[in-house]
Amino acid sequence: MISVLLTVLLCFLGIVGAAIWKAWPLLPRCTPTALRNLPGPPNPSWFYGNMKHIQAKDNSVPQERWLAEYGPHIVYKGFLNEDRLFTLDARALNHILTHSADYRKPEVARRNLAKVLGEGILFTEGEQHRRQRRILNPAFGPAQIRDLTEIFVQKAIELRDIWDAQMMGDGVPNARLDVLSGLTKTTLDVIGLAGFGYRFNALNPTGEPNEFNEAFQQLFLPRTFTVFVIMKNFFPILDIIPDEASKCIQRARGVMRRIGKELIAEKKAEIERELAEGTEKKGVKRGDLQGRDLLTLLLKANMAMDIPDNQRLSDEDVLARAFLAAGHDTTSTGTTWCLYALTQAPDVQKKLREELFTLNTDAPTMDELNSLPYLDAVVRETLRLHAPVPLTSRVAIKDDVIPVSEPFVDRYGRVQDSIKVSKGSSIMIPILALNRSKKYWGEDALEFKPERWAHPADAVASIPGVWSNILTFIGGPRACIGYRFSLVEMKALIFVLVRAFEFALAVPPEDIQSKTNVVQRPKLRSAPKEGHQMPLLVTRYVRGSQS
């Protein structure tokens, strides 16, 4: 009897020990870190830290207030008493982003993304990540995006015609429309065609159900952060307890994996057939990539003869990278916030429309879109002031000293010329807060002013972004590889829609709230249970009439 009890006890202790061992890298540091000498707000809860307060407010607002109150570098508490460094110092952020081997994506974030897209490339770091990035980069160059622009424009025209038909059906010249919904469906169709050469038909309201479309939408639904979800993030063994969200993700992943394999097999066969029939008998080279969609481009890049076999990606990695790069959520959200900004600046909307009509075409090329300076300024200003992803994070994998632009006083009154971090420390990358910081952008930093891009402030030159001296697409070796795709798609949507319609806000401006679940989507304070939406009054624009 005793031996049976002892066996059961040892098994139980073994399970607990295994759970702790697996969870240990994911757990926040509960012991003091080098960051504890930095000032910050009081901690109201050992479990939630400052997170409830942050989630109750608009994006980055609490952190910006704490910076004003406590100084240029602060620490606040995440879940389970985790210290989080928050700084707007461009030199410090440049150090963190350029030393990507020392500051990596948090294990929790990578685990959550892996549940959706699989592991593979998402877990690569250091030299392996650099090699894989070199394989993928040619598929996202200007020449490749130029070939995809026709798809962006076609889908924008389809959305325009749907909105116009809705007004005609109602017999009115205008309508109250949730533009977020329409733009989300449009960019989902774009990721289908431009990403995989596959028709999601999300914009077709009378179409048959599409298995791939439904699975994709299920995977990227906004999720609610319950206590159980939080605990599962830090204790992976809890994944054995099924819940509706995890079962839904598993079903959707199964569908996407099956259809994804079919698409990859078809496209590989097409590539091999083209090689057999064409003049390039010696195989694919990275220097001459062409294709009808990102998946084809990525497969060609991965099949190139000048890549060693041990550096090639798996088919699952290629598929996951195509999903991530095309990022329909960020483009639809960015375009939604652009239309909102134009409702709050009618003169900007009018000036932009006048420039758009200088192109005598309904279907511009990428080069024609990029030739419009005011459209470019409007896109830059939107992505500065309304960055779709407002915040991301990194974790220090070793003790380090982060340089800063100027000395500061810590919580003990001592002057410091750097920030010391301990291994395991969490560092927030304040995309939105830095993009609208008065220190860099001046006193009008919170205003939507595309004209600022004619002569940007000198201070913004130090911001370590990969594009336009803003942090929207991050910077350093981990910068967003698909940013050109997103920019041209966004310009195509704005070009088509602003030429066709005038936009006005359908609710008071103070009713609009930005809430984040990976990307910052708009909600109504007056109707939080109705989910994410952006209700605008959309009116047909008749050229030559007075606005």
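Please read these numbers as outputs of a predicted model, since none were measured by experiment.

Asker: Would you explain the sheet that holds strand 4 (residues 174-178) in this entry?
Answerer: Working definition: the strands of a sheet are paired by backbone hydrogen bonds and lie parallel or antiparallel to each other. The sheet built from 3 strands is open, its strands ordered 4-12-9 with antiparallel pairing. Edge positions in the sheet fall to strand 4 and strand 9 (501-505), since each has one partner strand and no second. Adjacent strand axes in the sheet meet at a mean angle of 30°, parallel and antiparallel pairs treated alike. Bridge count between strand 4 and strand 12 (residues 535-540): 5 bridges; the pairing is antiparallel. Looking across to strand 12, one finds that A175 is bridged to V538. In the packing of helix 20 (residues 483-500) onto the sheet, contacts are made with strand 9 and strand 12, and the angle to strand 9 comes to roughly 90°.

Asker: Help me understand the environment of I419, please; the structure alone is not making it clear to me.
Answerer: Inspection of the secondary structure puts I419 in strand 7 (residues 415-421). For I419, a relative accessible area of 2% puts it in the buried group. With residues near it in sequence (within four places) discarded, I419 still touches L35, L38, H73, L85, D400, V401, I402, V404 and F408.

Asker: Looking at this model, I keep getting lost on the packing of helix 11 (residues 244-277) against helix 12 (residues 294-303). Mind explaining?
Answerer: As a packed pair, helix 11 and helix 12 sit with axes 10 Å apart at the nearest point and diverge in direction by 60°. Note on packing geometry: the crossing formed by helix 11 with helix 12 is right-handed. Contacts between helix 11 and helix 12 involve L263, I264, K267, K268, I271, E272 and E274 from the first element and L295, T296, L299, K300 and M303 from the second. Looking at the contact of helix 11 with helix 12, its residues break down into 6 nonpolar, 1 polar and 5 charged.

Asker: It is not clear to me how unusual backbone geometry should be interpreted in this structure. Could you clarify?
Answerer: Note on backbone geometry: most residues besides glycine have negative phi, and most peptide bonds are trans. Backbone geometry at S60 places phi at a positive 70°, although glycine is not the residue there. By the secondary structure assignment, S60 is in the loop between helix 2 (51-56) and helix 3 (61-70). Backbone geometry places S468, a non-glycine residue, at a positive phi of 65°. With respect to the secondary-structure elements, S468 resides in the loop between helix 19 (438-441) and helix 20. S468 sits in the buried class, given a relative accessible area of 13%.

Asker: Looking at this structure, I do not really get helix 9 (residues 211-219). What am I missing?
Answerer: An α-helix turns once per 3.6 residues; consequently, residues spaced three or four apart project the same way. Turning to helix 9, its buried residues are F212, N213, A215, F216 and L219. Looking straight down helix 9, one finds its buried side chains confined to an arc of 165°; they lie on one side.

Asker: I would appreciate a short explanation of the environment of D147 in the present structure.
Answerer: Within the secondary structure, D147 is located in helix 7 (residues 142-170). When its relative accessible area of 42% is taken as the criterion, D147 is described as partly exposed. A C-alpha to C-alpha distance of 7.3 Å links D147 and R292, two positions 145 residues apart in sequence.

Asker: Explanation requested: the pairing of strand 6 (residues 400-409) in the structure shown.
Answerer: Taken residue by residue, a regular strand's side chains alternate between the two faces of the sheet. In this sheet, strand 7 lies alongside strand 6 in antiparallel orientation, the contact comprising 6 bridges. Residue pairing across strands places V409 opposite V415, the latter belonging to strand 7. The hairpin turn running from strand 6 into strand 7, its antiparallel successor, is 5 residues long, and G413 in that turn takes a positive phi close to 85°.

Asker: Explain helix 12 to me, please; I cannot follow it from the model alone.
Answerer: Within helix 12, 9 of the 10 residues are buried, which leaves it mostly tucked inside the rest of the structure. Every buried residue of helix 12 is listed here: L294, L295, T296, L297, L298, L299, K300, A301 and N302. Among the residues of helix 12, the N-terminal cap falls to D293, whose side-chain oxygen and the backbone nitrogen of L295 are separated by 3.2 Å.

Asker: I keep staring at the nonpolar core and nothing clicks. Help me out?
Answerer: Within soluble globular proteins, side chains that are nonpolar tend to cluster in buried spots. F152, L342, L352, I419, I429, F503 and M534 are the most contacted members of the largest nonpolar core, which totals 141 residues. A total of 13 residues in this core trace back to one element, the largest contributor, which is helix 20.

Asker: Looking at this structure, I do not really get the sheet that holds strand 3 (residues 103-104). What am I missing?
Answerer: What the 5 strands build is an open sheet, ordered 1-2-8-5-3; its pairing is mixed. Whereas interior strands pair on both sides, the edge strands pair on one side only; in this sheet they are strand 1 (73-77) and strand 3. Against the sheet, helix 3 contacts strand 1 and strand 2 (83-87), and its axis sits at roughly 130° relative to strand 1. Where helix 4 (residues 90-98) meets the sheet, it contacts strand 2, strand 3, strand 5 (392-396) and strand 8 (426-429), and its direction lies at approximately 110° from that of strand 8.

Asker: Got a minute to help me understand a nonpolar patch on the surface in this structure?
Answerer: A cluster of nonpolar side chains, contributed by F228, I237, I240 and I241, occupies part of the molecular surface with about 360 Å² of accessible area. In this structure I240 comes out as exposed when scored by relative accessible area, which is 69%.

Asker: Help me understand the side chain of E489, please; the structure alone is not making it clear to me.
Answerer: Locating E489 in the fold gives a position in helix 20. One buried charge, E489, has no salt-bridge partner; the nearest side chain with opposite charge is K155, at 11 Å. With near-sequence residues (within four places) excluded, E489 lies in contact with F152, T187, V190 and T331.

Cut-offs applied
- Residues numbered from 1 in each chain as written.
- Predicted model: local features only at pLDDT ≥ 70, side-chain atom pairs only at ≥ 80, totals over all residues.
- Heavy atoms only, no water.
- Pairing = 2+ DSSP bridges.
- Helix = DSSP H or I, 4+ residues; strand = E, 2+ residues; numbered from the N terminus.
- Axes fitted to C-alpha atoms, helices over the stretch in contact; angles between N-to-C directions.
- Contact = heavy atoms within 4.5 Å.
- Buried < 20%, exposed > 50% of the residue type's maximum accessible area, 1.4 Å probe, protein only.
- Left-handed = near helix turned anticlockwise from the far one by under 90°.
- Nonpolar A, V, L, I, M, F, W, Y, C, P; charged D, E, K, R; others polar.
- Arc of directions from axis to C-beta.
- Polar contact = N/O pair within 3.5 Å; in protein donor to acceptor, adjacent residues only side chain to side chain.
- Core = buried A, V, L, I, M, F, W, Y, C linked by side-chain atoms within 4.5 Å.
- Patch = residues over 30% accessible without salt bridge, like charges linked within 9 Å, V, L, I, M, F, W, Y side chains within 5 Å.
- Areas by Shrake-Rupley, 256 points an atom, 1.4 Å probe, with all protein chains shown as cover.
- Salt bridge = Lys/Arg side-chain N within 4 Å of Asp/Glu carboxyl O.
- Lys, Arg positive; Asp, Glu negative; His and termini not counted.

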